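# Breakdown of the fold
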Amino acid sequence: MKYENNTISDLQIAYIGGGSRGWAWTFMTDLAMDDSLGGTIRLYDIDEQAARNNQIIGNHLSARPDSRGKWLYTVCGTLKEALTGADFVVISILPGTFDEMQSDVHLPERLGIYQSVGDTAGPGGIIRALRTLPMFVEFANAIREYAPEAWVINYTNPMSLCVKTLYHVFPEIKAFGCCHEVFGTQKVLKGICEETFGLENIDRRDIHVNVLGINHFTWFDQASYRGIDLFPVYRDYIDQHYEEGYDEVDSNWANNTFACAHRVKFDLFRRFGLIAAAGDRHLAEFMPGDEYLKDPETVKRWKFGLTTVDWRKEDLKKRLERSKRLADFEEEMELKPTGEEGILLIRALCGLDRVVSNVNIPNRGLQIPNLPASAVVETNAVFSRDSIKPLIAGTVPEPVKNLLMPHIENHEYTLQAALTCDRELVYKAFLNDPLVKGRTLALHPGGVLWH
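None of the values given here were measured: they were computed from a predicted structure.

## Some details on the nonpolar core
Buried together is how nonpolar side chains tend to be arranged in soluble globular proteins. Core analysis: the largest hydrophobic core is formed by 72 residues, its most contacted members being Val-89, Phe-176 and Phe-383. In this structure, Phe-176 is in contact with Trp-151, Val-152, Ile-153, Asn-154, Val-163, Leu-345, Leu-349, Val-359, Asn-360, Ile-361, Phe-383 and Ile-388, ignoring residues within four places of it in sequence. Counting residues in each nonpolar core, the second largest holds 59 residues, with Phe-220, Leu-293, Val-299 and Trp-302 among its members.

This is the structure we're talking about:
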């Protein structure tokens, strides 16, 4: 990499899943707004036409006069071509199709098992992992062969298992998982702090938190703003607003499939004393199935939503239409901050900055001493030149550990099942999942029945 005047102009980034109509556009936007980085983005996707559309969109965006970061977007036909000489690798793929995800999420409903997301925990998360992990075995082997020194950023779910697979196949890999769920909870604390103290425009990053847990089931045991302990503030707010929840100005849980009133967070705080740090849709799936996801009416009472795969299909249709408009120059991408931190972390790893952010990596440094060293955990870490140093987050309280352990155990069962095609391990993971646990599993010649 060439450094000149605190900028790097020849960075090589391989983007696996380069035809993405979501994360890729977010990534392009953030890159275009940062004048300290430039270079080449190598787009690789099994849907090569989707990657070619993004090549057109990215190069057009980079050529705009209001674009500060200058990048060349190219399409690569093989992993070898994309990875060789790469400084960074971004993995952002959709494993399979939404038709397959439809069965992951909605078939269990016949048996009274409801899932609000279906990509991380529950039957949907397990089946999605079995579809995804063989691809990550291929990615890890290719990275080891063609780009062993590259930093690898994973955005694909199930996050913990994807990262776990990369390290299982290539233990020396420099990989980490990025997730924005923690940021959303910081924004909730920011809003409560502003409302309580009559403040305005608090920067979400000034809400300092200690992060511990696993992806999408993450917790804060400390939270502060400029010397103010936010735990008593949060507790008082919950006491006053427990029934209605926290209604963000820019979202309406009843009309937005991703929004919530944060009542699940409030309830978990009352029960366990820590601030649950993910969206309610994710948090609910890690808890026993007779609690927040008992049935659709229960979900409504807790003021979050079940994200249907029909909604996802309709959303994909809209994004495909937008992709065509962008590639035909009938629409321009708006340059505004996305709130993601991927570019900040790349800057730090290049030595241009120093950043503390949440990250998903193995618990080898015992960031959380009372969780297994083999677990992929989410804690804060210091990002600096060619270095990620995880911070010791401390132990999780036993009641929270008891919630985490079935999922950590299932990560091991599911990884081994994906590697060995062992059905018994899949059944074991199903039976151990809190959404399923307590149901009887019976085998018959046509497959599996719960009753």
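## What to know about unusual backbone geometry
Note that the residue after Asn-157, namely Pro-158, is joined by a cis bond; omega there is 5°. With respect to the helices, strands and loops of the structure, Pro-158 is situated in the loop between strand E6 (151–154) and helix H6 (159–169). For Asn-201, which is not glycine, the phi dihedral falls at a positive 55°. Inspection of the secondary structure puts Asn-201 in the loop between helix H7 (181–197) and strand E8 (207–214). The exposed category is assigned to Asn-201, whose relative accessible area is 69%. Its identity as a non-glycine residue notwithstanding, Phe-329 has a phi of 60°, on the positive side. Looking at the element boundaries, Phe-329 is found in the loop between helix H12 (309–327) and helix H13 (342–349).

## Some points on the packing of aromatic side chains
Counted by the stated rule, this structure contains 15 aromatic pairs. Taken together, a centroid distance of 6.2 Å and an interplanar angle of 80° make the contact between Trp-219 and Phe-272 edge-to-face. With Trp-219 in strand E9 (residues 217–225) and Phe-272 in helix H9 (residues 263–272), this residue pair connects regions lying 53 residues apart in the sequence. When its relative accessible area of 0% is taken as the criterion, Trp-219 is described as buried. Grouping aromatic residues by their ring pairs yields a cluster made of Phe-231, Tyr-234, Tyr-237, Tyr-246, Phe-266 and Phe-269. Above the ring of Phe-183, the side-chain terminus of Arg-204 is found at 4.0 Å from the ring centroid. The ring of Tyr-242 is capped by Arg-270, whose NZ or CZ atom sits 4.0 Å from the centre of that ring.

What counts, and at which threshold
- Residues numbered from 1 in each chain as written.
- Predicted model: local features only at pLDDT ≥ 70, side-chain atom pairs only at ≥ 80, totals over all residues.
- Heavy atoms only, no water.
- Core = buried A, V, L, I, M, F, W, Y, C linked by side-chain atoms within 4.5 Å.
- Buried < 20%, exposed > 50% of the residue type's maximum accessible area, 1.4 Å probe, protein only.
- Contact = heavy atoms within 4.5 Å.
- Helix = DSSP H or I, 4+ residues; strand = E, 2+ residues; numbered from the N terminus.
- Phe/Tyr/Trp six-rings, centres within 6.5 Å; stacked < 30°, edge-to-face > 60°.
- Lys NZ or Arg CZ within 6 Å of the ring centre and 35° of its normal.

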